[in-house]
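Each chain, written out:
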Amino acid sequence: MESLSEEMCEGMQHMSESVFVGLCEIVGTSTQVAMRGETVDIKEMLERRVTASYAYIEMMSGSNREGFRLKGSDVDVMYWPNNHRVIMDMSQSEYYNTANTTLILSKSSESPPGFTLLQLLTQTTYKEVQSTCVKMNGRTYISSSKYRQLTCSATLPNSVVHGPCGSGDIGQEVEYDTAFCFVSDVWPPSASSWKDRCHSWPDPEVVDEIVRSGCHFVAIGHPLGLHEQEEWRMSFSQAENRCVYAMDHCQFLTYGLLKLFLKEVVNQQSEETKGLLCSYHMKTTIFWAIQQNTVSNLCPRNFLAGFWVCFKLLLKWVYEGVSPNFFIPQNNLFLTKVHGSAQNRLFLQLHELYKKGLACLLQSSSIRSYIISALYNPRLSINTDESVLKCEIDHDLEFFLEMSCNDNVKSNSLYSCMKHLAELEHLICSPLTEYKVLMLQKLKATILQRTAFILHINKGVNKQIYIPDKLSCHMITLAAKFGCVSDMLYIAMYYYKTLRYREALSVIKMTETKLVQPCLIYRRHVDTESYIEAVGGQSWATKMRQAMAGDIKLYSTTSYISELILEQQSALQNRVPALYVPVFVMLLFLEFLCYRHIDTTLSQETLDKLHILIHLDQGLYVRDIFRDISWEILGICQQITGNAKTALYSYQQSMSTRYPIHQIQNATQKRIQELRSSISHQQINYDM
C-alpha cells in the first residue's frame, strides 16, 4: 500500500510538472509575462509624466494588462478626465485647487456595498459631464447610465454598451472594452479592511502603493440598488493589476489554468449555466486563496494542488451563493446572477466535475494533451526549467510584437514632442530593467520621427528652412538607429516630402534589400534557421536594425505624404488616431511617387508590382484589417497615372472592405466623386 501511495504521489507530481510546462507554453514563461507587463508599464509611466495638458488619462486594464495573451482575450482600456477628482468626504476638498479641478463627492450610504452615487460639487467644463447630470433632493448627481451611453463610442465608433463599457471588435481580430470613468486619489473607507487582511501577501510596500493610488468609479449601478441608473461601481482595476504582478509564476499560471478551466470546461457544461461564472470570479478566487495562505508554496511538482484548492473554494462559494469581492467582502459578486435554480444547477455541474478529481481537466482542449502525455509516459523526465521552454526566436518575436503594440505616444505638437523627449531622457537615466530601456528606445524613435515631420517647414526663405531641415534630418536618421528595418522608410518619406527623390530612392532600395531577407521577422512570419544564422545571440539593437519590420504608422495629426492628407483628415474626423500601412505597400507607394519625378517607365513597373501585391496577396503581407488603406493607395497611384477606370475600381474595393478600421470612407467618396467628375468632363470635351 505504501509503495502504491508513493507511485500515486509520483504520478501526481509528474502530471503537475507536465501541466506546468504546458501552461508555460500557452500562457507564457515568467520572463515573457514580466516583459509584457514592463513594456506597458514604462509606456504609461512616460505618458503620466507629460499628462498635464491631456483632457483624459488612459490606462490599460484587464487580462491583457495582467500579462495574458490567451486567444479570445479582449483589450480593456479605462479613460478618466484629468481634472476631475472624486473625494470620500468634504474634508478632503482642501487638498485640491477648485479653480482647475472639478470635485465629485462619493455618497455610498444609500447604495449596496461597492457602489455609490457621485455628487457634482463644483462646476465642470466637460460637456460629457454637464449633459449627464440629474437632480435628486436638490443636489446634482452624475447619472452612470447617461454617462455610459454618451461615452460608449467616444473612442471607437459603433461600439455597443456592455456592462460599464463600450465594446466591439477590430476586424474580428481584437475585441475591446473601453470604460470612461472617474478617479479618486483616496482609498475608499468601505475597503479599509483589505489593508488589515494583508498580513503576508501582498508585501507591505505593494499594499501601501495600492492604497496611495486610490480607486476608480465605472458607469454601472447595482441591479438591486435604489438608484441603479445613477449609481457607480467602485473599480479596483489598478489595485488588481498590482496584485497580479505580486503573484509568483506558479500562482499566475494557476490563475491562467482557472481561466482556461472556466472557458473550456465549466462554460461547456450547458447553455443554462454558461456565463454565470466569469473570469473576474476566477481572479477573485485566486486572490483569496493566496491571501489565506492556501497556495503559498506552489512549485511545478505540486502545481495542480493549487488549482484544486481554488476549485474547492469556488465550489464552496457556489454552494453558499456568496462570492465576496476581494476588496469589499460585503459586496457579494453572486448576488444577482448565481442564486435560486441557476445556482443549484451550477453547483450540481461543478460537483460532478469535482467528483472526477483532476481528471476533470481532461475536458480542457488546451490542457488535455499534457495530462495524457504524463499518464502514458510516467517515467519520462520533464524539464521544468523555464529557460529551455522557449527558444530565442520565440522570445524575440513576442517582445517585438509587444513593443509594436505599445509604440504610440500622444505627441501632436512640437512642444509635446520635446516634453516627451525630455521626460524620456530622465527615465532612461534611472534604474530600469532591460525591457523597459528597450521600450523607451523604441518610443524615442517614434517621437523623433514625429518631431522631424512636425518641425518641417514647407515655405520660407532659405535660412528659415535650412536649420529646421537639418534638425529634422538628424532626428529621423537617429530614429532609424533606435528602430527597426521599416523605420528607414520614414527617412524615405521625409526625403520625398522635401523633394529629394533620388536620396529617397536610395533609402528605399536599401530598405527593400533588408525586407526581402529570409531572416526578417514581419508580423509572425520568419524563417527560423535564417534568423538564428543571421542575428542569433546578437544584441537587441542589431536584431531590430537587421531583421525586424513592422507596419508604417501615420498619425492622423501629422503630415507625412501630401497624397494621403485626405485620408488622414477623414480618419481624424472619425477619431482614428493613425493610419497603419503594410510595410511593403508603403515601400512600393514611395518608390512609385519618387520615380514619377525621375523615370515614368520605372514608376509604371513599380505600380504593376503594387497592383499584383494587393490583388493577389492572401494576408501574408497585407492583413485584412489594412486592406482599406492598401486599396486606397493603389487607387491614388492609378489616378496619378491617369488610369481612371482602374483607380475607380480600387476606390470601390477600399469602400467595400470587410474591416474599414481606418474610417477613410469620406476621403474615398471624395476621390470617387472627383474621378467621376473628371471622367464626365473628359467625355464632354471628347463629344465636342
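Whatever comes next refers back to the structure up there.
A brief report on the enclosed structure follows.

This next bit is on the environment of Leu489. Assignment of secondary structure puts Leu489 in helix H18 (residues 488-497). If near-sequence neighbours (up to four positions away) are discounted, Leu489 is found in contact with Thr511, Ile552, Val583, Met586, Leu587 and Leu590.

Attention shifts here to the side chain of Glu47. Of note, Glu47 is situated in helix H2 (residues 30-48). Although Glu47 lies buried, it forms no salt bridge, and the closest oppositely charged side chain, Lys43, sits 5.3 Å away as judged by the N-O distance. Apart from residues no more than four positions distant in its own chain, Glu47 is found in contact with Tyr54, Asn408, Val409, Lys410 and His420.

Next up on the list: the environment of Thr606. Mapping Thr606 onto the fold places it in helix H24 (residues 600-616). Under the relative-accessibility criterion, Thr606 is labelled buried at 2%. Separated by 37 residues in the primary sequence, Thr606 and Gln569 have C-alpha atoms spaced 27 Å apart. Excluding anything up to four places from it in sequence, Thr606 contacts Leu588, Glu591, Phe592 and Tyr595.

Before going further, it helps to spend a moment on unusual backbone geometry. Residue Pro202 follows Trp201 across a cis peptide bond; omega there is -10 degrees. Its location among the elements puts Pro202 in the loop between helix H6 (192-197) and helix H7 (204-212). One non-glycine residue, Asn293, adopts positive backbone phi at about 65 degrees. The topology assignment puts Asn293 in the loop between helix H10 (279-291) and helix H11 (303-320). Asn293 sits in the partly exposed class, given a relative accessible area of 47%. In this structure, Gln663 takes a positive phi of about 55 degrees despite not being glycine. Relative to the helices and strands, Gln663 resides in the loop between helix H26 (644-655) and helix H27 (665-687).

Looking now at a nonpolar patch on the surface. On the surface, a nonpolar cluster with roughly 350 Å² of combined accessible area is contributed by Ile372, Leu375 and Tyr376. Tracing the backbone shows Ile372 in helix H13 (residues 368-376). Classification of Ile372 as partly exposed rests on a relative accessible area of 34%.

Another aspect to go through is the pairing of strand S9 (residues 165-170). Looking at chain direction, strand S8 (residues 160-162) and S9 are connected through 3 bridges and run antiparallel. Of the residues in S9, the one forming a bridge with Val160 is Ser167. Direction of pairing for S9 relative to strand S10 (residues 174-184): antiparallel, over a ladder of 5 bridges. Across the sheet, Asp169 pairs through a bridge with Glu175, a residue of S10.

Each aromatic ring pair is characterised by the separation of its centres together with the angle its planes make. Going through the model one piece at a time under the given rule, you end up with 37 aromatic pairs. Residues Trp308 and Phe311 carry aromatic rings whose centres are separated by 5.4 Å and whose planes lie at 70 degrees to one another, so their mutual orientation is edge-to-face. Here Phe311 and Trp308 lie together in helix H11, a separation of 3 residues that amounts to about one turn. Relative accessible area serves as the criterion here: at 17%, Trp308 is assigned to the buried category. Here Phe311 falls in the buried class, since its relative accessible area comes to 1%. By the ring-pair criterion, three or more aromatic residues cluster together here, those being Trp187, Trp194, Trp201, Phe236, Phe287, Trp288, Phe326 and Phe327. Above the face of the Phe326 ring, Arg197 is positioned so that its terminal group lies 5.5 Å from the ring centre. Across from the ring centre of Tyr555, 3.7 Å away, lies the NZ or CZ of Arg450, which sits over that ring.

Generally speaking, soluble globular proteins have nonpolar side chains that are buried together. With 100 residues, the main nonpolar core has Met493, Ile552, Leu554, Ile561, Met586, Phe589 and Ile633 as its most contacted residues. Per-element tally for this core: the top contributor is helix H23 (residues 583-595), with 12 residues. With residues near it in sequence (within four places) discarded, Ile561 still touches Met493, Tyr496, Met586, Phe589, Leu590 and Leu593. Core analysis: the second largest hydrophobic core is formed by 92 residues, Leu258, Val295, Leu304 and Leu346 among them.

Below, the discussion takes up the state of the cysteines. Two cysteines form a disulfide when their sulfur atoms are joined by a covalent bond. Under the criterion given, the structure shown has 0 disulfides. Free of any disulfide, Cys519 has its nearest cysteine sulfur in Cys484, 13 Å distant. Taking relative accessible area as the criterion, Cys519 reaches 7% and is therefore assigned buried.

Here the focus is the packing of H11 against helix H12 (residues 340-355). With their axes 9 Å apart at the nearest point, H11 and H12 run at an angle of 155 degrees to one another. By the angle between their directions, the pair H11 and H12 is classed as roughly antiparallel. In this structure, the crossing between H11 and H12 has a hand that is left-handed. On H12, the residues that touch Trp308, Phe311, Lys312, Leu315, Val318, Tyr319 and Glu320 of H11 are Gln343, Leu346, Phe347, Leu350, His351, Leu353 and Tyr354. Considering only residue class, the contact of H11 with H12 consists of 10 nonpolar, 2 polar and 2 charged.

What counts, and where the lines are drawn
Residues numbered from 1 in each chain as written. Predicted model: local features only at pLDDT ≥ 70, side-chain atom pairs only at ≥ 80, totals over all residues. Heavy atoms only, no water. Helix = DSSP H or I, 4+ residues; strand = E, 2+ residues; numbered from the N terminus. Contact = heavy atoms within 4.5 Å. Buried < 20%, exposed > 50% of the residue type's maximum accessible area, 1.4 Å probe, protein only. Lys, Arg positive; Asp, Glu negative; His and termini not counted. Salt bridge = Lys/Arg side-chain N within 4 Å of Asp/Glu carboxyl O. Patch = residues over 30% accessible without salt bridge, like charges linked within 9 Å, V, L, I, M, F, W, Y side chains within 5 Å. Areas by Shrake-Rupley, 256 points an atom, 1.4 Å probe, with all protein chains shown as cover. Pairing = 2+ DSSP bridges. Phe/Tyr/Trp six-rings, centres within 6.5 Å; stacked < 30°, edge-to-face > 60°. Lys NZ or Arg CZ within 6 Å of the ring centre and 35° of its normal. Core = buried A, V, L, I, M, F, W, Y, C linked by side-chain atoms within 4.5 Å. Disulfide = S-S within 2.5 Å. Axes fitted to C-alpha atoms, helices over the stretch in contact; angles between N-to-C directions. Parallel < 35°, antiparallel > 145°, perpendicular 65-115°, else oblique. Left-handed = near helix turned anticlockwise from the far one by under 90°. Nonpolar A, V, L, I, M, F, W, Y, C, P; charged D, E, K, R; others polar.

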